Amino acid sequence: MTIQANSPRPQRTSAAAAMLRVIVTLAMFLIVFITFLIAPLVALGLAFLVYLVARSRGSRSRPVDGVATTPQASATGFGAGAA
């Protein structure tokens, strides 16, 4: 009965394979990191655009029947019945 005392040689990767593994790991990290940095900025930008559109639609003056819309007519007619 023989006993082998030396351990089997561990598998070694080539320098190119090790470098490729490092590059892939860094690329995955950057993709995930940048995605989490950019996503809130994109969401804030979209919310700001929605705010601008809603504000521009709300500031449009809509003429109402029987109410003067010109500034001069409303200024001269204001308080006329109170005197």
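Each remark here, short or long, concerns the structure printed above.
Residues numbered from 1 in each chain as written. Predicted model: local features only at pLDDT ≥ 70, side-chain atom pairs only at ≥ 80, totals over all residues. Heavy atoms only, no water.

Description of the overall build of the chain
And then number 1: When helices and strands are counted, the chain shows 2 helices and 0 strands.
And then number 2: Of the roughly 8,300 Å² of accessible surface on the chain, a fraction of 69% belongs to carbon and sulfur atoms. (Helix = DSSP H or I, 4+ residues; strand = E, 2+ residues; numbered from the N terminus. Areas by Shrake-Rupley, 256 points an atom, 1.4 Å probe, with all protein chains shown as cover.)

As for the packing of aromatic side chains
And then number 1: Using the criterion set out here, one finds 2 aromatic pairs in the structure.
And then number 2: Both rings, one in phenylalanine 29 and one in phenylalanine 33, keep their centres 5.5 Å apart while their planes meet at 15°; by these two values the pair is stacked. Of this pair, phenylalanine 29 and phenylalanine 33 both sit in helix α1 (residues 15-58), separated by 4 residues, roughly a single helical turn.
And then number 3: When its relative accessible area of 44% is taken as the criterion, phenylalanine 33 is described as partly exposed. (Phe/Tyr/Trp six-rings, centres within 6.5 Å; stacked < 30°, edge-to-face > 60°. Buried < 20%, exposed > 50% of the residue type's maximum accessible area, 1.4 Å probe, protein only.)

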